[in-house]
Amino acid sequence: MKKIVVLASGSGSNFEAIVKKLHGDSCEVALLVCDQPGAYCLKRAETLGIKTLQLTLKDFDSKVRYELEMIKHLKAVNPDLIVLAGYMKLIGETLLAEYEGKIINIHPALLPAFPGRNGVEDALTYGVKVMGVTVHYVDAGIDTGKIIDQESFKRAEDETASESKEKIHAIEHELYPRVIKHLLT
């Protein structure tokens, strides 16, 4: 069975969707790596029975050493794919070199428009009529890797920001597991 490792920093709703849709069926979610002590994704992993690793960058004297420590744990798992799910750190050269072409990310906007951590807010501020989600490979840039898949929706005239965000999350929870399953087959 193919193995994936998920990297997350926050609540872990995409992580949970991946586990519930794929774990034990299409793949094994072998490990959750979290960079934030106390992040809710760690609680979700515990509830779902997924092994966790909590590494904090500030505990290391450099990003290289942080990523080398992560690689040590990743090699023990030997993942077929590394999946970023709300992981709020840029992947450095060390991790990229080790797992080139095996790291993917999900972004809550239609790339290449609105990259970065405020994609939804930037799109709403701009006044877009169509919003969506992008799954892409990770490279050295910020949300600049090759696009794997996208899904969009047309915003209703009276749609609130909260309603748009809910639609984005619903798309993420379906699109990401579907893309992961496709990449592993």
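Scroll up a little and you will see the structure.
Here the structure is a predicted model, which is why all the values come from computation and not from measurement.

## Considerations on helix H3 (residues 63-77)
And then number 1: With 15 residues, H3 extends 21 Å between its outermost C-alpha atoms, agreeing within 8% with the 21 Å of an ideal straight helix rising 1.5 Å per residue.
And then number 2: All of the buried residues in H3 are Tyr66, Glu67, Met70, Ile71, Leu74 and Val77. One face of H3 carries all of its buried residues, which in axial projection span an arc of 135 degrees.
And then number 3: Two residues or fewer after H3 comes Asn78, characterised by a positive phi angle close to 55 degrees.

## Observations concerning the packing of helix H1 (residues 13-22) against helix H2 (residues 40-48)
And then number 1: Their axes nearest at 9 Å, the elements H1 and H2 cross at an angle of 20 degrees. The pairing of H1 with H2 is recorded here as roughly parallel in orientation. Here H1 runs over H2; the crossing is right-handed. Between H1, through Ser13, Phe15, Glu16, Val19 and Lys20, and H2, the contact on the second element is made entirely by Cys41, Arg44, Ala45 and Leu48.
And then number 2: A breakdown of the residues in the contact of H1 with H2 according to their chemical character gives five nonpolar, one polar and three charged.

## Focus on the pattern of salt bridges
And then number 1: All chains considered together, the criterion is met by eleven salt bridges.
And then number 2: Across the salt bridge formed by Asp35 and Lys89, the nearest N and O atoms sit 3.1 Å from each other. Of this pair, Asp35 sits in the loop between strand E2 (28-34) and H2 while Lys89 sits in the loop between strand E4 (81-84) and helix H4 (93-98), and the two are 54 residues apart along the sequence.
And then number 3: Lys89 gets classed as partly exposed once you look at its relative accessible area, which sits at 24%.
And then number 4: Measuring nitrogen to oxygen at the nearest pair gives 2.9 Å for the salt bridge that ties Glu151 to Arg178. Pair noted here: Glu151 is in strand E7 (residues 147-154) and Arg178 is in helix H6 (residues 161-184), with a separation of 27 residues, a long-range link.

What counts and what doesn't
Residues numbered from 1 in each chain as written. Predicted model: local features only at pLDDT ≥ 70, side-chain atom pairs only at ≥ 80, totals over all residues. Heavy atoms only, no water. Helix = DSSP H or I, 4+ residues; strand = E, 2+ residues; numbered from the N terminus. Expected span 1.5 Å × (residues − 1). Buried < 20%, exposed > 50% of the residue type's maximum accessible area, 1.4 Å probe, protein only. Arc of directions from axis to C-beta. Axes fitted to C-alpha atoms, helices over the stretch in contact; angles between N-to-C directions. Parallel < 35°, antiparallel > 145°, perpendicular 65-115°, else oblique. Left-handed = near helix turned anticlockwise from the far one by under 90°. Contact = heavy atoms within 4.5 Å. Nonpolar A, V, L, I, M, F, W, Y, C, P; charged D, E, K, R; others polar. Salt bridge = Lys/Arg side-chain N within 4 Å of Asp/Glu carboxyl O.

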